[in-house]
Amino acid sequence: MAAANNVGFAYGFNVHDEDATLHSSRPDTDDIPEAGHLVRDVIYGSNFVASHLVHFYHLAALDFLDVANAGLGLNKGPFCPRYGPNPGDVTYPYHYRIPGAGAPVNVTAYLTAQYVIALKLRRLCNQIGGLWGGRAPFIQGLTPGGASPSVSQDAIDKTRELLYEGGAGGTPTAPAAGTILKFIGTPFDFANFVNIEGGDLNKLPIVGTPGDSVYAGTMMFDVVAAACFYPEYFWLGNAYERFLAYGVFEKGDLANAIDDNRLLSRGRKNTGAKYSNQTGVLPAAFSDPKPTEWQSVLQQNVFESVYNSHYLYNGGKGGWKHPLQGETTPEPRRVPGHPTHPAYSWIKSPRYKDASDSLGPAVPYEAGPLARMQVNGDYYAGILYDLGAVGGGVGGTIPIGPFAGVALPQYGDPGPDLSAIFTGMGAMPNLGPGGYNLTYTGGSSLDRYAARQIECWKIANAMVGWLDRLEASHVGAVTSITRTPGADKYYPSSYGWTEAPRGALGHWMKTNMTTGKIQNYQCVVPSTWNASPRDSYGVPGPAEKAMEDVFVKDINNPLEILRVIHSWDFCMACAVHLVKKNGRGKKEETTIHIDPAPTCG
Amino acid sequence: MSISSPKKPILILGVGNTLLKDEGVGVHVARRLQDMDLPENVEVLEGGVLGLDLLDHLEEREKIVVVDAVDGDVGPGAIYRLTRKDIEVGNTRCLTSLHEIDLPQVFATADLMGIKIEPMVLIGVQPKDMSMGYDELTPEVEAAIPRVIELVLKEIGQ
């Protein structure tokens, strides 16, 4: 079959469009001009950063942060309350631990202000997308042969303004206030609690009393500020330590020895530990030798099961199908003759075939920023410990909160003693003599949050280099070649791979060689890798697996589950579109939209 | 810092999902208005399901008219005129994904950011069918569109 995997592509804000763009690229050679690759990478990089900002602040942070507790009078949606508490609810301190109004430092107010700043930063990212892609989101600047915008010095200058100059002459290493690089910070902020920059929070309408919360920190810092109060999530939310990435930013790192020239490599990794031949902490030098434990990803090994999904294969539930033979036949009803349990998901179960894996012949892999960073060697169990001490170095401790002074976890460490937090809360499962009776593997909920921010930092800084390369060699350059449709360009079967911000995204296509029309088109999206139900072997998908050790204190306020589930950035609208009209309609009615889905992965 | 071009003072914004029949009525109205001869100071946008990305388009306007499907438990095709004070944001359910941000939440977020979305008028249409169906409207909602357009034009002084 035609392997499209060496064709450079990156895409804008609708990644499925991009995969489709790839299909129409010539799959055998990469003839896209370097300028086209770089323009794509800039567009796509701005989308990754925007997506990660939004995921952390506007979706996930609210699982840890009770905005109503900020003392700022914010008690309505979309902020709060998401779950509980009810008046007098004794579980309250357990649910939300970040200090709020009345505490010596109102961390809640500070993080709430950061929520607002992140909205503004997201806009800056979209402006970059608009500069290079014509508009954002749903950019139009991509073509099968590259990218449509010409490379102008003006666009380069404006992008630098947004990234780090800020109208004040900021530099990549000393970015000006209000810029993207300034807000992201560096991985060393993880343990550097004093690394708070002066900002203009006074201008924000939500900041009530000056001195109460008038700080502007970095995203890296904010992740740890939240994590310090919830350290057990370094031990909770583990899936399988099986990480998969298709790779992205095709010409993003010319020195990358791991995998072509991608900034983020394609591959698999079957452990959360550091690559055994990896030296240094962060960043792993891009030109490091290929990591010992790195494994390739082959498209022929991707298969899907519908055993517990609301679909049929050949009229039944059995068997596995490769996406090229894929079938999407919805069946919302229980299937006669099917074993006792009905299907329970509208998501199929993608698995990777690997006979050597101890988990069995069909292996669930997780996709997403943690997977990309693990594959690339940029994240591993204990990296926060390695980065931990103020200013970097080995031996970090949790800087604030009830666990201040406790060492950050390293691979194999047992869970912390949480008795101080859970006083009076009654017995909890999985608590051994010293804490959670689990070992740290680097694949936890907090690792997903941390890896996502490290990726954000890596991409935003790489964008600086891409702009330099565009300025040095490509101003006014051709960014796209012209592709002419024709029978000699058709391939009976082809596939396109890339990364959405939320993980590995693949499209497979069969083509009628006579008419050139599509015969079968199947998407396997990251949210299905991560959120899939049990397959025909009874093996749960990563997210279901990750919930196994999670103890829910109050079933009416299952925040513990959210903190695990939101550590992935599911696009359920992509995985499946299920609309229940119980709110706006008179009677309950279900509408089903099956994959392949039109949005973002 | 802004790198965008100056905005037109009046914005007509049609929002909704055109994959879900009547849910997309706002977008259908916007498309028809885009085909009309409107004054230079008026911009007509299809907001689709952009959610928070609408903020950039809503700010720095002198007048905003939004068209959307609105459920007021009246018969299909009924038309509403709402202002900011009529649109309440309740306590949110938990979001499973950011694709779920709706218009009231966009307004609430604007408040938080200090973005002024006023004066704003929302012309709403009661949907009948919001099941799957690309670019399809029920006859009741289709029949309401000319009147909706009249009302929108009246709001902008036409």
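Remember, it's a predicted structure, so these values are computed and weren't measured experimentally.

K.L.:
Please provide a residue-by-residue account of the overall build of chain B, values included.
P.N.:
Helix and strand counts for chain B come out as 4 helices and 5 strands. Written out in order from the N terminus, the α and β elements of chain B read β-α-β-α-β-β-α-β-α. The 158 residues of chain B split such that 58% are buried. Surface exposure of chain B reaches about 7000 Å², of which carbon and sulfur atoms provide 50%.

K.L.:
How would you sum up the environment of Glu455(A)? Please name residues and give values.
P.N.:
All names here are of chain A. Its place among the elements puts Glu 455 in helix 10 (residues 445-473). Using a relative accessible area of 0% as the deciding quantity, one classes Glu 455 as buried. Through-space distance from the C-alpha of Glu 455 to that of Pro 187 is 9.8 Å; in sequence the pair is 268 residues apart.

K.L.:
Please provide a residue-by-residue account of the confidence of the model for chain B, values included.
P.N.:
Confidence in the prediction of chain B, expressed as mean pLDDT, is 84, and 88% of residues score 70 or more. Mean pLDDT across the secondary structure elements of chain B bottoms out at helix 3 (residues 103-113) of chain B, with 79, and peaks at helix 4 (residues 139-155) of chain B, with 96.

K.L.:
Break down the nonpolar core for me, with residues and values.
P.N.:
Counting residues in each nonpolar core, the largest one holds 142 residues, and the members touching the most others are Trp132(A) and Tyr379(A). Here the element with the most residues in this core is helix 10 of chain A; it accounts for 15 residues. Among the nonpolar cores identified, the runner-up in size contains 25 residues, and Ala30(B), Val65(B), Val148(B) and Ile149(B) belong to it.

K.L.:
Which residues make up the packing of aromatic side chains, and what values do they have?
P.N.:
Two descriptors summarise a pair of aromatic rings, namely the distance from one centre to the other and the angle between the planes of the rings. Residues and elements named next belong to chain A. For the structure shown, the criterion picks out 22 aromatic pairs over all chains. Look at Tyr 352 and Tyr 365: their rings are 5.8 Å apart centre to centre, the planes differ by 75 degrees, and that puts the pair in the edge-to-face class. Remark: Tyr 365 occurs in the loop between strand 10 (362-363) and helix 8 (369-376) and Tyr 352 occurs in strand 9 (residues 349-353); sequence separation between them is 13 residues. For Tyr 365, a relative accessible area of 0% translates into the label buried. Aromatic side chains Tyr 495 and Trp 508 sit 6.2 Å apart centroid to centroid with 20 degrees between the ring planes, which places their arrangement in the stacked category. Placement of Tyr 495 in strand 11 (residues 493-500) and of Trp 508 in strand 12 (residues 503-511) is noted, with a sequence separation of 13 residues between them. Each of the two residues, Tyr 495 as well as Trp 508, counts as buried. Among the aromatic residues, those joined into a cluster by ring pairs are Phe 56, Tyr 57, Phe 64, Phe 183, Tyr 230, Tyr 233 and Tyr 449.

K.L.:
Quick one: what's the story with the sheet that holds strand 9 of chain A, residue by residue and with numbers?
P.N.:
All names here are of chain A. Read across the open sheet, the 4 strands follow the order 7-5-9-10; overall the sheet is antiparallel. The sheet terminates laterally at strand 7 (320-321) and strand 10, the two strands that pair on one side only. Pairing of strand 5 (residues 302-305) with strand 9 involves 4 bridges; the strand directions are antiparallel. Looking at strand 9, one finds that Glu 304 is bridged to Pro 350.

K.L.:
An account of the packing of helix 5 (residues 153-165) of chain A against helix 10 of chain A is requested, with residue identities and associated values reported.
P.N.:
All names here are of chain A. Their axes nearest at 10 Å, the elements helix 5 and helix 10 cross at an angle of 160 degrees. Classed by the angle they form, the pair helix 5 and helix 10 counts as roughly antiparallel. Considering the relative orientation of helix 5 and helix 10, their crossing is left-handed. Contacts from Gln 153, Ile 156, Thr 159, Arg 160, Leu 163 and Tyr 164 in helix 5 reach Ala 460, Met 463, Val 464, Leu 467, Asp 468, Leu 470 and Glu 471 in helix 10.

K.L.:
Give me the sheet that holds strand 3 (residues 63-69) of chain B: which residues, what numbers.
P.N.:
Residues and elements named next belong to chain B. Strand order in this open sheet of 5 strands is 2-1-3-5-4, and the pairing throughout is mixed. The sheet is open, and its two edges are formed by strand 2 (42-48) and strand 4 (79-83), each paired on a single side. Pairwise comparison of adjacent strand axes, ignoring direction, gives a mean angle of 20 degrees for this sheet. Relative to strand 2, strand 1 (residues 10-15) runs parallel, the two being bridged by 6 bridges. Of the residues in strand 2, the one forming a bridge with Val 15 is Gly 48. Its contacts with the sheet place helix 1 (residues 25-34) against strand 1, strand 2, strand 3 and strand 5 (120-125), and it is angled at close to 150 degrees to strand 2. Each of strand 1, strand 3, strand 4 and strand 5 is contacted by helix 4, which is oriented at about 165 degrees to strand 5, the strand it contacts most.

K.L.:
How would you explain unusual backbone geometry if you had to name every residue and give the values?
P.N.:
Trans peptide bonds make up the majority, and among non-glycine residues the majority have a negative phi. Despite not being glycine, Phe249(A) shows a phi value in the positive range, around 65 degrees. Within the secondary structure, Phe249(A) sits in the loop between strand 3 (243-245) and strand 4 (267-269). Of note in this structure, Glu60(B) is not a glycine but carries a positive phi near 60 degrees. Within the secondary structure, Glu60(B) sits in the loop between helix 2 (55-58) and strand 3.

K.L.:
Before we move on, can you summarise helix 2 (residues 34-60) of chain A with the specific residues and values?
P.N.:
Residue and element names in this part refer to chain A. Between the first and last C-alpha of helix 2 there are 37 Å, a value that for 27 residues agrees with the 39 Å anticipated at 1.5 Å per step. Of all bends in helix 2, the biggest is about 25 degrees, found at Val 54. Where burial is concerned, most of helix 2 is hidden: 26 out of the 27 residues are buried.

K.L.:
An account of the packing of helix 7 (residues 219-227) of chain A against helix 10 of chain A is requested, with residue identities and associated values reported.
P.N.:
If you want to describe how two helices pack, look at the angle between their axes and the distance between the axes. Residue and element names in this part refer to chain A. Orientation of helix 7 relative to helix 10, taken along the N-to-C sense of each, is 170 degrees, at an axis distance of 10 Å. With respect to each other, helix 7 and helix 10 are oriented roughly antiparallel. On helix 10, the residues that touch Met 219, Met 220, Val 223 and Ala 227 of helix 7 are Leu 446, Tyr 449, Ala 450, Gln 453, Ile 454, Cys 456 and Trp 457. Its residues assigned to classes, the contact of helix 7 with helix 10 comprises 10 nonpolar, 1 polar and no charged.

K.L.:
Help me get a handle on helix 3 of chain B, residues and values and all.
P.N.:
Taken across its 11 residues, helix 3 of chain B has 9 buried, putting it largely inside the fold. Three or more residues of helix 3 of chain B are buried, namely Leu103(B), Gln105(B), Val106(B), Phe107(B), Ala108(B), Thr109(B), Ala110(B), Leu112(B) and Met113(B). Those residues of helix 3 of chain B that are buried are in contact with helix 4 (107-133) of chain A together with strand 1, helix 2, strand 3 and strand 5 of chain B. Gly114(B) sits one or two residues past helix 3 of chain B and shows a positive phi near 75 degrees.

K.L.:
Hey, could you go over the pattern of salt bridges for me, with residue numbers and the actual values?
P.N.:
In total, this model carries 30 salt bridges over all chains according to the counting rule given. A salt bridge links Arg122(A) to Asp53(B); the shortest N-O distance between them is 3.1 Å. Placement of the pair is Arg122(A) in helix 4 and Asp53(B) in the loop between strand 2 and helix 2, with the two residues belonging to separate chains. Summarising the burial analysis for this pair, Arg122(A) and Asp53(B) share the class buried. With its nearest N and O atoms 2.8 Å apart, the salt bridge here joins Asp468(A) to Arg160(A). Taken together, the positions of Asp468(A) in helix 10 and Arg160(A) in helix 5 put the pair 308 residues apart, joining distant regions of the chain.

Criteria and thresholds
Residues numbered from 1 in each chain as written. Chains lettered and ligands numbered in written order. Predicted model: local features only at pLDDT ≥ 70, side-chain atom pairs only at ≥ 80, totals over all residues. Heavy atoms only, no water. Helix = DSSP H or I, 4+ residues; strand = E, 2+ residues; numbered from the N terminus. Buried < 20%, exposed > 50% of the residue type's maximum accessible area, 1.4 Å probe, protein only. Areas by Shrake-Rupley, 256 points an atom, 1.4 Å probe, with all protein chains shown as cover. pLDDT = per-residue confidence, 0-100. Core = buried A, V, L, I, M, F, W, Y, C linked by side-chain atoms within 4.5 Å. Phe/Tyr/Trp six-rings, centres within 6.5 Å; stacked < 30°, edge-to-face > 60°. Pairing = 2+ DSSP bridges. Axes fitted to C-alpha atoms, helices over the stretch in contact; angles between N-to-C directions. Parallel < 35°, antiparallel > 145°, perpendicular 65-115°, else oblique. Left-handed = near helix turned anticlockwise from the far one by under 90°. Contact = heavy atoms within 4.5 Å. Expected span 1.5 Å × (residues − 1). Bend = angle between axes of the 7 residues up to and from the residue. Nonpolar A, V, L, I, M, F, W, Y, C, P; charged D, E, K, R; others polar. Salt bridge = Lys/Arg side-chain N within 4 Å of Asp/Glu carboxyl O.

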